[in-house]
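# Observations on chain architecture
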Amino acid sequence: MSGATIPDWIAAISTAVGSLAVVVGLFKANSKISEAQNTAKQLRRSQVAEELISLALSVEDALRDVRHPLTSIPLDRVKDPVFSYQQRLSRLASYDELFRKLRDAQIRVKALVGNAKVDQAVDSLFRARNQVVVSLQALAEYASLGSDEINAQDREFKVTLRKTISGAGSADDELGVEVAASVKTIEIELNPIARLEAQK
C-alpha cells in the first residue's frame, strides 16, 4: 500500500491548520506586545512632560518670590546695606534643589520627547536665574562700597541691575515677561503630550 489513506490526509491537514493557527497567534501576540510597548512609551513621555510643566511653573513662582519688590528686613539689619541682597541670594539658594530637578527633567524630556523649543525655554529659565544671581552679587558689591566711590555710569548700571532683581510681573518687567513666555512655551509644547493627546 503505497497510497496515502484518508486518515493520513486528515492528519496532514490538521497539522497544517495547527501550524497556521500558531503563526497567526504569534502575529497577534507580536502586535499586542508592540501595542503595549507603544502605550508604555506614550505613558512615559506623558509623565516626563507633566513633570517638566510642573517644575517650570514652580520655577516661575520661585523667581517671582525672589524678585518680589517688597521684602522685610529685621530691625537690627536695617542699616546693613548688603543685607537685603544677601537675603535674596539666600532665598534663591533655597531653590537650588528645584532647579536641579528642572535640569534633570529637561534631560529626560530631551531624551524622550526631543523638542527644541522646550529645551530653549528651559535654558531661558536658567539664564534668568543666573541674571538674578549676578545682579544680586553686583548690587551687594556696590552696597559694600561707599556712595562716594560710585560714579554716574555705575549709578545707571545699578538701575539696570535693580530691574533684574525686582519685578512684579508687569509689562515693563522684561525678565518677568521672558520667564512667563518660556513657561508658556513649555506648556503649549508639552500639554498635548502630558494629556496623551499627541502621538509620536
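This text follows the structure it describes.
Predicted model, so just to flag it, every value in this text is computed and none were measured.

## Things to note about the packing of helix α3 (residues 96-112) against helix α4 (residues 116-144)
Geometrically, a packed helix pair is captured by the angle between its two axes and the distance between the axes. The N-to-C vectors of α3 and α4 enclose an angle of 160°; their axes lie 10 Å apart at closest approach. Taken together, the axis directions place α3 and α4 in an arrangement best described as roughly antiparallel. With respect to the hand of their crossing, α3 and α4 are arranged in left-handed fashion. Packed against α3, whose contacting residues are Asp96, Phe99, Leu102, Arg103, Gln106, Val109 and Lys110, the element α4 presents Val118, Asp119, Val122, Asp123, Leu125, Phe126 and Arg129 at the interface. Of the residues assigned to the contact of α3 with α4, the class counts are 7 nonpolar, 1 polar and 6 charged.

## What to know about helix α5 (residues 152-165)
Spanning 14 residues, α5 covers 20 Å between terminal C-alpha atoms, matching the ideal 20 Å at 1.5 Å per step. The complete set of buried residues in α5 reads Asp154, Lys158, Leu161, Thr164 and Ile165. Taken end-on, α5 shows its buried residues confined to a sector of 110°, consistent with a single buried face. The exposed set on the far side of α5, more than 90 degrees from its buried face, consists of Ala152, Glu156 and Lys163.

## Re α4
In an α-helix, one turn spans 3.6 residues; hence positions three or four apart end up facing the same way. Between its first and last C-alpha atoms α4 spans 42 Å; for 29 residues at 1.5 Å apiece the expected length is 42 Å, and the two agree. For α4, the capping residue at the N-terminal end is asparagine 115, with a side-chain oxygen 2.9 Å from the backbone nitrogen of lysine 117.

## Overview of the packing of α4 against helix α6 (residues 174-194)
One can describe the packing of α4 onto α6 by two numbers: an axis separation of 9 Å at closest approach and a directional angle of 155°. Comparing their axes, α6 and α4 come out roughly antiparallel. Crossing angle aside, the handedness with which α4 passes α6 is left-handed. For the pair α4 and α6, the contacting residues are Lys117, Val118, Ala121, Val122, Ser124, Leu125, Ala128, Gln131 and Val132 in the first and Leu175, Glu178, Val179, Ser182, Val183, Thr185, Ile186, Glu189 and Leu190 in the second.

## With respect to the packing of aromatic side chains
On inspection of all chains with the given rule, the structure shows 2 aromatic pairs. Lying over the aromatic face of phenylalanine 99, arginine 129 brings its terminal NZ or CZ to 4.3 Å of the ring centre.

## Looking at the environment of lysine 41
Along the chain, the position of lysine 41 falls in helix α1 (residues 6-67). In the structure, lysine 41 is positioned 71 residues away from leucine 112 in sequence and 8.5 Å away in space, judged by C-alpha atoms.

## Things to note about the environment of valine 59
Considering the arrangement of structural elements, one finds valine 59 in helix α1. With a relative accessible area of 0%, valine 59 lands in the buried category. Spatially, the C-alpha atoms of valine 59 and valine 183 are 9.0 Å apart, while their sequence positions differ by 124 residues. Among all residues touching valine 59, those that are not within four sequence positions of it are Leu98, Phe99, Leu102 and Leu125.

## A closer look at the environment of arginine 162
Structurally, arginine 162 is set in helix α5. Residue arginine 162 is classed as partly exposed on the basis of its relative accessible area, which comes to 37%. Remark: the alpha-carbon pair of arginine 162 and valine 132, spanning 30 residues in sequence, is separated by 9.4 Å. Aside from chain neighbours lying at most four places away, what touches arginine 162 is Tyr85 and Leu139.

## Points about the pattern of salt bridges
Enumeration over the complete set of coordinates arrives at 10 salt bridges. Residue arginine 64 pairs with glutamate 60 through a salt bridge whose shortest N-O separation is 3.5 Å. On the criterion of helical spacing, the pair formed by arginine 64 and glutamate 60 is a turn pair, its members being 4 residues apart in helix α1. Judged by relative accessible area, which is 43%, arginine 64 ranks as partly exposed. For glutamate 60, a relative accessible area of 14% corresponds to the buried category. Ionic contacts of the salt-bridge type, sharing partners, join the residues Glu60, Asp61 and Arg64 into one network.

Cut-offs applied
Residues numbered from 1 in each chain as written. Predicted model: local features only at pLDDT ≥ 70, side-chain atom pairs only at ≥ 80, totals over all residues. Heavy atoms only, no water. Axes fitted to C-alpha atoms, helices over the stretch in contact; angles between N-to-C directions. Helix = DSSP H or I, 4+ residues; strand = E, 2+ residues; numbered from the N terminus. Parallel < 35°, antiparallel > 145°, perpendicular 65-115°, else oblique. Left-handed = near helix turned anticlockwise from the far one by under 90°. Contact = heavy atoms within 4.5 Å. Nonpolar A, V, L, I, M, F, W, Y, C, P; charged D, E, K, R; others polar. Expected span 1.5 Å × (residues − 1). Buried < 20%, exposed > 50% of the residue type's maximum accessible area, 1.4 Å probe, protein only. Arc of directions from axis to C-beta. Polar contact = N/O pair within 3.5 Å; in protein donor to acceptor, adjacent residues only side chain to side chain. Phe/Tyr/Trp six-rings, centres within 6.5 Å; stacked < 30°, edge-to-face > 60°. Lys NZ or Arg CZ within 6 Å of the ring centre and 35° of its normal. Salt bridge = Lys/Arg side-chain N within 4 Å of Asp/Glu carboxyl O.

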